[in-house]
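Chain by chain, the residues:
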Amino acid sequence: MQHRTITTAALAAVIALAVPTNAWASSSHSDHHPAPTSSTVSYTASDAVIPNPQRGFDHTTETHYRADGSGYTPLDAGTLQGYRADGVTQIVRVFYMEAFVDQRRLSPAWLQLVQHDYDTARAAGVSVITRFAYVQGGSYPYSAPYGDADLPTVLAHIKQLTPTLRRNADVIPTLQEGFIGLWGEGYYTDHFASDPANPGVLTEADKDARRQVIQAELAALPSSRSIQVRTMQMKQDALRTTSGAAGALTPRQAHDGSAASRIGHHNDCFLASPDDFGTFLTDPLSLDQDYLAADSRYVPVGGETCAVNAPRSEYPSASAEMAKYHYSYLNLDYNKDVLSTWGQDGMTDAAKKLGYRFTLTSSTVTSGKHAAVSVSVRNDGWAAPYNHRPVQLVLTNGHRHVTVPVRADASSWQPGTTATVTASLRGVPTGKWDVALAMPAAERSVSRDPAFAIQTANVGTWDATTGVNRLGQVVTVRR
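Note on numbering: residues in each chain are counted from 1, in written sequence order. Given that this is a predicted model, residues contribute local features only at a pLDDT of at least 70 and side-chain atom pairs are listed and counted only at 80 or more, while totals for whole chains, interfaces and linings are drawn from all residues. Computation of side-chain values covers all heavy atoms of the structure but excludes hydrogens and water.

K.L.:
Whenever I open this one, the environment of Arg262 confuses me. Can you help?
P.N.:
When you line up the elements, Arg262 lands in the loop between α5 (232–239) and β9 (263–270). Residue class for Arg262 comes out buried when judged on its relative accessible area of 10%. Every residue in contact with Arg262, bar those within four places of it in the chain, is listed here: Leu218, Leu221, Pro222, Ser223, Arg225, Ser226, Ile227 and Gly257. Polar contacts, as counted here, are pairs of nitrogen or oxygen atoms within 3.5 Å of one another; within protein the pair requires one atom able to donate a hydrogen and one able to accept it, and residues that are adjacent in sequence qualify only if both atoms are side-chain atoms. Of the polar contacts made by the side chain of Arg262, one reaches the backbone oxygen of Leu218; its length is 2.9 Å. Under the scheme used here, helices are H or I runs from DSSP no shorter than 4 residues and strands are E runs no shorter than 2 residues, and both carry numbers assigned from the N terminus. Only protein chains enter the area calculation, which uses a 1.4 Å probe; residues under 20% of their type maximum are buried, those over 50% are exposed, and those in between are partly exposed. Should any heavy atoms of two residues lie within 4.5 Å, those residues are counted as being in contact.

Listed below in C-alpha cells is the structure:
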C-alpha cells in the first residue's frame with residue numbers, strides 16, 4: 001500500500017465562513033487538456049447521537065490511594081467499552097491522593113496505577129478529563145481542618161506528575177485544577193484561605209498561592225492542553241483581570257498559547273440556584289454570566305447539575321444556558337433528579353448538541369489540470385472543539401492513498417456557522433480519486449485510531465474502519 005502526504009506548502013488552500021458556492025472558473029486550456037468539469041453533492045443530515053471525541057455526556061469516576069495503599073479501583077476495559085457502545089466517549093476521573101497529603105514524594109507504585117488507567121482508556125477509545133485531589137467532603141456542614149495539602153506539597157506533586165500528564169495528553173482533553181480543598185474544588189481548604197473557617201474571603205497571599213498552582217499546572221501540561229477552574233473568579237484572580245465581557249478571552253487571544261487561552265471552566269452545581277451555589281460571584285451576577293458567555297467560546301466548559309431548581313433546571317432553560325455558555329460535556333451520573341426532568345427528548349437533544357456537531361452540507365470537486373475540492377461543514381452543536389483539530393482531505397485510488405492537509409483548524413468552527421474549506425490538488429498524482437474529509441486527532445499516538453476521529457452528522461458518509469467521512473465524490477487529476 002502506498003501512502004503519500006502532500007505538505008501544506010505544496011497546496012493552495014483557504015478557509016472562509018460562507019455559504020458554499022461553486023467558485024471555480026474554467027481555466028484556459030489547450031486541445032490536449034479537456035476543460036475542467038465540476039460535480040457538486042449535497043448531504044443528508046443525520047438525526048443520530050454521534051459518539052465523537054471530547055464532547056457529550058460523560059461518566060464520572062473516582063479512585064483513592066490511602067496511606068496503607070488501599071482504595072485504588074483501576075479503570076475496567078469492559079466498562080469503558082460499554083460506555084462507548086452507549087455513545088459516551090469520555091469520563092471525568094478524580095484521583096484522590098490521601099496517602100500523599102503529608103509527604104511530597106509520590107510513590108512509583110501509584111504513578112504506575114495512574115499510567116495503567118490512561119493505557120486502559122486509550123485502548124478503549126475513551127478520553128479522561130482528569131482531576132487530582134486529597135480529600136472528599138463528608139456531611140454538610142463542613143468544618144476545618146479539611147485535610148488538603150499545603151502549597152509546597154502540591155507544587156512538588158505537580159512536578160512529579162508532569163511526565164505522566166505529558167505522556168498521556170492524547171487522552172487527557174483537559175485537566176481540572178483540583179488539588180485545593182475538598183473534592184479539589186478550591187473552596188474548603190486548610191492552606192489556600194487565610195481563615196479556613198471563612199474560605200470565601202481570600203487575601204492577596206491566598207490568591208498568589210492559588211496562582212502558583214495554576215501556573216505549575218499549565219507548565220506541566222503540553223501547550224496544546226488547558227486546565228479548568230471551578231469559578232470564573234478563580235480565572236480572573238489568576239490573570240488579574242476583571243469580570244464582565246470586557247475581561248473575557250478575545251477572539252485574537254483564542255488558542256494563542258497564553259494562560260488566558262488555556263484556562264476554562266467547570267461548574268459542578270450547574271442550574272442549582274441563581275448563583276449556582278457560589279459559582280457566579282459578582283454583584284450583579286450578570287457580570288460573571290456575561291464573562292462566561294464570552295470566555296467559553298474558546299475554552300472547555302463542562303460540569304454537572306446538583307439540585308432541582310425548577311423552572312431553571314428544566315430542559316428549556318437548561319438547554320438555553322448550555323448553548324449560551326458553550327458546554328462541551330456534562331455528567332450523566334449526577335444529579336439524576338435534575339436530568340430525569342429533562343425527559344428522553346431532552347436528554348437525546350443534549351447528547352447531540354453538547355460540544356460540536358459537524359454536519360456536511362455540500363462538496364464540489366473540480367476535475368482536470370487544476371483539480372480542486374471544496375467542502376462545507378456546519379456546526380450544529382453548542383461549542384467548537386476546544387483543542388486543535390486538523391482537517392484533511394483523504395484521496396483513495398485502489399491501494400493508493402494521499403492525504404492533503406487543509407489550512408483549517410476545526411476548533412475555529414463556531415456553533416451556528418458554516419465553514420467552507422477549499423484545497424488545490426496540485427501535488428496529487430494523476431488519476432481518479434475517491435474523496436473523503438478527515439478530522440483525526442492531532443496527537444500522532446491516536447491519529448490513526450477512528451475512535452479519536454470526528455464523524456460528521458450525516459447519513460451514509462462515515463467509514464468506521466478508517467475514520468474518514470466519505471464525500472461520494474470522484475475527482476480526476478490530469479497534467
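K.L.:
Is there a simple way to explain the packing of aromatic side chains in this structure?
P.N.:
Two aromatic rings are characterised by how far apart their centres lie and by the angle between their planes. Between rings of Phe, Tyr and Trp, where Trp is taken as its six-membered ring, a pair exists when centres lie within 6.5 Å; planes separated by under 30 degrees are stacked, by over 60 edge-to-face, and by other angles tilted. According to the stated counting rule, one finds 17 aromatic pairs in the structure shown. Ring geometry for Tyr146 and Tyr188: centres 5.6 Å apart, planes at 50°, overall tilted. With Tyr146 in the loop between β6 (127–133) and α3 (151–167) and Tyr188 in the loop between β7 (174–176) and α4 (204–220), this residue pair connects regions lying 42 residues apart in the sequence. Accessibility classification places Tyr146 together with Tyr188 in one group, the buried group. Between Phe280 and Tyr325, the ring centres sit 6.0 Å apart and the planes meet at 35°, which makes this aromatic pair tilted.

K.L.:
Looking at this model, I keep getting lost on the packing of α3 against α4. Mind explaining?
P.N.:
Packed helices, taken two at a time, are described by the angle their axes make and the gap between the axes. In this description, a line fitted to the C-alpha atoms serves as the axis of each element, helices being fitted only across the stretch in contact, and the angle between N-to-C directions of two axes falls anywhere from 0 to 180 degrees. In the contact formed by α3 and α4, the axes pass within 9 Å of each other and the chain directions differ by 15°. In terms of their interaxial angle, α3 and α4 are classed as roughly parallel. Like other packed secondary-structure pairs, α3 and α4 cross with a definite hand, here right-handed. Of the residues in α4, those in contact with Leu151, Val154, Leu155, Ile158, Thr162, Leu165 and Arg166 of α3 are Ala209, Gln212, Val213, Ala216, Glu217, Ala219 and Ala220. Amino acids are sorted into nonpolar (Ala, Val, Leu, Ile, Met, Phe, Trp, Tyr, Cys and Pro), charged (Asp, Glu, Lys and Arg) and polar (every other residue, Gly among them). Each residue belonging to the contact of α3 with α4 can be placed in one class, and the counts come to 10 nonpolar, two polar and two charged. Throughout, the term roughly parallel applies to angles under 35 degrees, roughly antiparallel to angles over 145, roughly perpendicular to angles from 65 to 115, and oblique to all others. For any helix crossing, the convention is left-handed if the near helix is rotated counterclockwise from the far helix by under a right angle, and right-handed if that rotation is clockwise.

K.L.:
Explain the confidence of the model for the chain to me, please; I cannot follow it from the model alone.
P.N.:
Predicted coordinates in areas of low pLDDT are best not read in detail. What pLDDT reports is the predictor's confidence in each residue, on a scale of 0 through 100. Of the residues in the chain, 93% reach a pLDDT of 70 or more, and the chain-wide mean stands at 93. When mean pLDDT is compared element by element in the chain, β6 scores highest at 99, while strand β2 (residues 13–17) scores lowest at 35. Across residues 1–31 the pLDDT falls below 50, and counting only partners more than four positions away or on other chains, this stretch makes 71 contacts in the model.

K.L.:
Even after reading the chapter, I still don't get the side chain of Arg55, so can you show me in this structure?
P.N.:
Mapping Arg55 onto the fold places it in the loop between β3 (37–42) and β4 (56–64). By the counting rule applied here, Lys and Arg register as positive and Asp and Glu as negative, while His and the ends of each chain are not counted. Throughout this description, the term salt bridge denotes a Lys or Arg side-chain nitrogen within 4 Å of a carboxyl oxygen of Asp or Glu. Buried charge Arg55 goes without a salt bridge, the closest partner of opposite sign being Asp349 at 9.9 Å. Of the polar contacts made by the side chain of Arg55, one reaches the backbone oxygen of Ile50; its length is 3.0 Å. Once you skip the residues sitting within four places of it in the chain, Arg55 turns out to touch Ile50, Thr89, Gln90, Ser328, Ala350, Ala351, Lys352, Lys353, Leu354, Gly355 and Tyr356.

K.L.:
Explanation requested: the environment of Ser363 in the structure shown.
P.N.:
Tracing the backbone shows Ser363 in strand β12 (residues 358–367). Look at Ser363 and you get buried, because its relative accessible area is 1%. Taking the C-alpha atoms as reference points, Ser363 and Val373, 10 residues apart in sequence, are found 7.3 Å from one another. With sequence-adjacent residues up to four places away left out, Ser363 is seen in contact with Ser39, Thr40, Val41, Tyr43, Ser374, Val375, Leu471 and Gln473.

K.L.:
How do you make sense of the pattern of salt bridges when you look at a structure like this?
P.N.:
As a working rule, side chains carrying opposite charge can pair if their charged atoms are close by. Counted according to the given criterion, the structure contains 17 salt bridges. A salt bridge links Glu443 to Arg225; the shortest N-O distance between them is 3.1 Å. With Glu443 in the loop between β17 (431–438) and β18 (462–463) and Arg225 in the loop between α4 and β8 (226–229), this pair connects stretches of sequence that are 218 residues apart. Take Glu443 and Arg225: they sit in the same class, and that class is buried. When salt bridges that share partners are traced, they join Arg131, Glu185, Arg230 and Asp268 into one network.

K.L.:
Sorry if this is basic, but what is going on with unusual backbone geometry here?
P.N.:
Of all residues except glycine, most have a negative phi; of all peptide bonds, most are trans. A cis amide bond, omega 5°, links Asp283 with the succeeding residue Pro284. If you trace the backbone, Pro284 turns up in the loop between β9 and α6 (286–295). That bond from Ala310 to Pro311 is cis: its omega, 0°, falls within 30 degrees of zero. Here the phi dihedral of Arg240 falls at roughly 60°; this positive angle occurs in a residue that is not glycine. Tracing the backbone through its elements, the reader meets Arg240 in the loop between α5 and β9. Among the residues examined, Arg240 registers a relative accessible area of 62% and is labelled exposed. Look at Leu271: it is not a glycine, yet its phi comes out positive at around 80°. Within the secondary structure, Leu271 is located in the loop between β9 and α6. For Leu271, a relative accessible area of 0% corresponds to the buried category.

K.L.:
Before we go on, may I ask you to explain the state of the cysteines in this structure?
P.N.:
A disulfide bridge is the covalent bond that connects two cysteines by way of their sulfur atoms. When the sulfur atoms of two cysteines come within 2.5 Å, that pair is taken as a disulfide. Under the counting rule described, the total for this entry stands at one disulfide. Note that Cys269 is cross-linked by a disulfide to Cys306, the S-S spacing being 2.1 Å. Judged by the torsion about the S-S bond (110°), the Cys269/Cys306 disulfide is right-handed. Placement of Cys269 in strand β9 and of Cys306 in the loop between β10 (301–305) and α7 (315–324) is noted, with a sequence separation of 37 residues between them. Given the relative accessible area of 12%, Cys269 is considered buried. Its relative accessible area of 12% is what places Cys306 among the buried residues.

K.L.:
Any chance you could explain the layout of surface pockets here in plain terms?
P.N.:
Sizing a probe to match a water molecule and rolling it over the atoms shows the empty space that remains. Only protein atoms enter the calculation, which uses a 1 Å grid: trapped sets of points that fit a 1.4 Å probe without letting it out are cavities, open sets showing protein on both sides within 12 Å along at least five of seven lines are pockets, and any residue with an atom within 4 Å of a point is a lining residue. Grid points are joined across faces, edges and corners, and a volume is the space filled by probe spheres set on the points. Considering only enclosed or pocket space, the largest pocket measures out at about 800 Å³ in volume. Among the secondary structure elements, those contributing two or more residues to the lining of the largest pocket are α4, α5 and β9.

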